[in-house]
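# Reading the structure
The chain contents come next:
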Amino acid sequence: MNSVNLWTVFLIFIFDLSKCFCEWTRSDDITANKVHCNSTVLVHKVHFVWTITNMDFLKVGGENVVDSPKFSSPTNPKIKWLLRFTPRPKDFDLQLHMVSECEEKTVLAKARVAMLDDDGNVICCGEKELGPFQDSLTTDFRKGWICIHRKIRKMNLLCNVLKIQCNITFSEPNATLVKHEHNALFDQFNAPSELKRDLGYLLKNYTYSDVVVLVNDKSFPAHKAILAVRSNILAGMLQATERTPEHKHRIIIRDLKEEVVNEMLRYIYVGECQNLERLAKELLVAACKYELEGLKRICVQALSQALTVDNVSEILIFADNWNVAELKAKTVRFVASRYTEISNTDGWKTVINSSPHLVHEVCQEIATNQNSS
């Protein structure tokens with residue numbers, strides 16, 4: 001009888017223990033929600049539009065230098081910026097200078113510049129990563145001028161009114177501030193996919209469109225608010241059309257193909273592209289012209305992954321002409337790693353004849369690799 005009681009007590013103990021374990025497991029499952037943390041490096045942004053009129057008079061006297069007014073970001077007015085424009089008959093220089101009211105300050109920055117003619121069409125554009133850690137630039141940003149645009153040969157600035165749009169993103173001087181945000185409820189809904197679906201429907205449905213993008217004889221109905229918020233260049237073109245009643249609800253694009261504009265609009269609305277392998281270079285040109293940073297990254301990745309001995313020389317020249325720093329750096333490293341094979345190709349001979357400065361950069365990369373090994 002005593003042994004039976006002992007077994008009964010033992011079984012009751014085991015049952016209570018398993019019950020406690022189950023309760024602890026359920027409690028842990030309930031509290032172990034996924035927690036997402038977003039960390040953001042704090043930066044300042046400034047968008048500056050500079051209009052130069054009577055361009056013909058600038059070209060009469062030969063080489064002229066025009067400085068813009070100083071401008072700054074509302075969130076950091078102590079750091080001011082200045083553009084210097086030097087027009088010539090067949091080329092020009094455009095330079096950016098940082099003017100800091102604080103002594104011994106160094107910042108990291110990215111500058112994007114676009115030039116528009118009287119009708120709001122993009123003449124050319126460029127982008128530079130500026131900062132103390134790039135070998136190709138001065139190690140101290142505040143010591144001198146940083147050239148935004150390489151000289152463009154065989155080009156005449158025929159317009160009498162020139163608009164220059166400059167977008168600068170820069171860090172806090174001598175500091176990197178990071179903002180952290182936690183969101184434990186992120187997985188409870190899937191807003192990005194729903195938004196993508198709805199905007200895709202908006203792109204296909206012309207009912208509420210209020211502007212037409214014209215490319216040759218093809219028209220693409222679109223929405224001003226979406227175009228303006230996704231691209232500062234398109235926003236500037238829309239502002240320009242407001243001043244001309246006959247073009248008030250039209251954006252005319254003359255330098256891109258219809259299928260390229262179609263894919264560019266697809267990216268603007270839903271953030272994705274089709275036919276990327278075939279159109280990567282042309283879409284990258286569109287991304288540079290209309291300041292579509294995400295599209296630019298997609299195209300750079302596609303072109304970088306498609307590099308071969310036969311096409312790398314062409315892509316290197318292309319990246320240099322359009323000032324795509326990331327793509328250019330990757331192609332330079334690719335050439336340096338396989339220089340023996342590439343140096344015998346016709347494409348590399350073209351690089352030697354047309355762009356000797358690129359040969360110098362590749363040689364520098366080879367020397368750097370040899371010194372580090």
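To keep things clear, this report deals only with the structure shown in the data block. (Residues numbered from 1 in each chain as written. Predicted model: local features only at pLDDT ≥ 70, side-chain atom pairs only at ≥ 80, totals over all residues. Heavy atoms only, no water.)

All right, on to the packing of helix α10 (residues 325-337) against helix α13 (residues 356-372) then. α13 packs onto α10 with a crossing angle of 65 degrees between their chain directions and a minimal axis gap of 9 Å. Both α10 and α13 take part in a crossing whose hand is right-handed. On the side of α10, the interface is formed by Lys328, Val332, Arg333, Val335 and Ala336, while α13 contributes Leu358, Glu361, Val362, Glu365, Ile366 and Asn369. Of the residues assigned to the contact of α10 with α13, the class counts are six nonpolar, one polar and four charged. (Axes fitted to C-alpha atoms, helices over the stretch in contact; angles between N-to-C directions. Helix = DSSP H or I, 4+ residues; strand = E, 2+ residues; numbered from the N terminus. Left-handed = near helix turned anticlockwise from the far one by under 90°. Contact = heavy atoms within 4.5 Å. Nonpolar A, V, L, I, M, F, W, Y, C, P; charged D, E, K, R; others polar.)

Bringing the pairing of strand β2 (residues 43-52) into the picture now. The two faces of the sheet receive side chains in turn, since in a regular strand these alternate between them. Burial along β2 is one-sided: the residues His44, Val46, Phe48, Trp50 and Ile52 are buried and none of Val43, Lys45, His47, Val49 and Thr51 is. Alignment of β2 against strand β10 (residues 162-171), held across ten bridges, turns out to be antiparallel. Opposite Val46, over in β10, you have Ile168 as the bridge partner. (Buried < 20%, exposed > 50% of the residue type's maximum accessible area, 1.4 Å probe, protein only. Pairing = 2+ DSSP bridges.)

We now examine the nonpolar core. Membership of the largest hydrophobic core comes to 61 residues, with the highest contact counts inside it found for Leu227 and Tyr290. In terms of residues, this core owes the most to one element, helix α7 (residues 276-289), which gives nine residues. Setting aside its immediate chain neighbours within four residues, Tyr290 contacts Val122, Ser231, Ile233, Leu234, Met237, Ile253, Asp255, Leu256 and Met264. If you look at the next biggest cluster of nonpolar residues, it comprises 27 residues, including Val46, Phe71, Ala111 and Leu162. (Core = buried A, V, L, I, M, F, W, Y, C linked by side-chain atoms within 4.5 Å.)

We now examine the packing of helix α12 (residues 346-354) against α13. Remark: α12 packs on α13, axes separated minimally by 5 Å, with the N-to-C direction vectors making an angle of 110 degrees. One element, α12, and the other, α13, form an angle in the roughly perpendicular class. Mapping the contact onto sequence places Trp348, Val351, Ile352, Asn353 and Ser354 in α12 and Pro356, Leu358, Val359 and Val362 in α13. Residue composition of the contact of α12 with α13, by class: seven nonpolar, two polar and no charged. (Parallel < 35°, antiparallel > 145°, perpendicular 65-115°, else oblique.)

Let us look at the sheet that holds strand β14 (residues 250-252). Within the open sheet, the three strands sit side by side as β13-β12-β14. Their pairing is mixed. Both outer strands of the open sheet, β13 (218-222) and β14, are each paired with one neighbouring strand and no more. On average, each strand axis in the sheet is inclined to that of its neighbour by 25 degrees, with strand direction left out of account. Pairing analysis gives three bridges linking strand β12 (residues 211-215) to β14, with the strands arranged parallel. Counted as the bridge partner of Leu214 is Ile252 from β14. Running at roughly 120 degrees to β14, helix α5 (residues 232-242) makes contact with β12 and β14 of the sheet. Contacts from helix α6 (residues 258-270) reach β12 and β13 within the one sheet, and its direction differs from that of β13 by about 10 degrees.

Here we come to the packing of aromatic side chains. Under the defined criterion, the tally for this structure stands at three aromatic pairs. Measuring from centroid to centroid gives 3.9 Å for Phe48 and Phe71, while their planes differ by 5 degrees, and the two rings are stacked. With Phe48 in strand β2 and Phe71 in strand β4 (residues 71-73), this pair connects stretches of sequence that are 23 residues apart. Exposure class is identical for Phe48 and Phe71. Each is buried. Taken together, a centroid distance of 5.8 Å and an interplanar angle of 90 degrees make the contact between Tyr339 and Trp348 edge-to-face. Residue placement shows Arg230 over the ring face of Tyr267; its charged tip is 5.0 Å from the ring centre. Residue placement shows Lys281 over the ring face of Phe318; its charged tip is 5.2 Å from the ring centre. (Phe/Tyr/Trp six-rings, centres within 6.5 Å; stacked < 30°, edge-to-face > 60°. Lys NZ or Arg CZ within 6 Å of the ring centre and 35° of its normal.)

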